[in-house]
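Examination of the molecular architecture
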Amino acid sequence: MTTRREFISNTGKAMVAGGLVTLAENGDPVMIENKFIHHVYFWLKNAGSKEDRAKLLEGLHKLSMVPTIRTFHIGQPADTNRDVIERGYVFSWFALFDNGADQASYQVDPIHLKFVEDYSHLWSKVIVYDSVDAK
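One structure accompanies this document, and this report is about it. (Residues numbered from 1 in each chain as written. Predicted model: local features only at pLDDT ≥ 70, side-chain atom pairs only at ≥ 80, totals over all residues. Heavy atoms only, no water.)

**A few points about the sheet that holds strand E2 (residues 69–75)**
Under the convention used in this document: Between any two strands, at least two bridges found by DSSP are needed for them to pair. Going along the chain from the N terminus, every DSSP run of H or I of four or more residues is numbered as a helix, and every run of E of two or more is numbered as a strand. Note on geometry: axes are lines fitted to C-alpha atoms, helical ones only across the stretch in contact, with angles between N-to-C directions running from 0 to 180 degrees. Contacts between residues were defined by any pair of non-hydrogen atoms, one from each residue, lying within 4.5 Å.
Taken in spatial order, the 4 strands of this open sheet run E2-E3-E1-E4, and their pairing is antiparallel. Both outer strands of the open sheet, E2 and strand E4 (123–131), are each paired with one neighbouring strand and no more. Across the sheet, the mean angle separating the axes of adjacent strands is 15 degrees when strand polarity is ignored. Alignment of E2 against strand E3 (residues 91–97), held across 6 bridges, turns out to be antiparallel. Residue His-73 lies in a different strand from E3, and its bridge partner there is Phe-94. The sheet strands contacting helix H3 (residues 100–108) are strand E1 (36–44), E2, E3 and E4, and the helix crosses E1 at an angle near 35 degrees.

If you want it as structure tokens, here you go:
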């Protein structure tokens, strides 16, 4: 049996080894710098439709194939509940780009345009948050 401290240490090492967390040599988290972050939240027209949810998820996986995307994440609302948390969306789409030019290229990439054409009928609302380094 391992101690709680050993378990936490081993779990953290596994996350780093798996590429889920980037740490500095001293073990501290590393800030993502000099990147363009594109975060999109989707609300479905038919919020209770498992078919529409599956279809949009399919589309987001196809969207991840845009060559200028360095890293992506498809998320759903976490099981947290505080007054400041928005839980009405069905999926969040996070994409990391090397720079604004790569993100601009993504906007006109045929894969992105096809995604909008094929899946936009599913959503009732989309909110986009783009961000760059704070100075």
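**Considering the side chain of Gln-103**
Topologically, Gln-103 is positioned in helix H3. Ignoring any residue separated from it by four or fewer positions in sequence, one finds Gln-103 in contact with Phe-36, His-38, Phe-97 and Asp-130.

**Topic: the pattern of salt bridges**
Quick reminder of the rule: Salt bridge, as applied in this entry: a Lys or Arg side-chain nitrogen positioned within 4 Å of an Asp or Glu carboxyl oxygen. When accessible area is computed with a 1.4 Å probe and restricted to protein chains, residues below 20% of their type maximum are described as buried, those above 50% as exposed, and intermediate ones as partly exposed.
Here the structure, examined in full by the defined rule, presents 5 salt bridges. A salt bridge links Glu-58 to Lys-55, with the nearest nitrogen and oxygen atoms 3.6 Å apart. Of this pair, Glu-58 and Lys-55 both sit in helix H2 (residues 50–63), 3 residues apart, which is roughly one turn of the helix. When its relative accessible area of 34% is taken as the criterion, Glu-58 is described as partly exposed. Overall, Lys-55 belongs to the partly exposed group, its relative accessible area being 38%.

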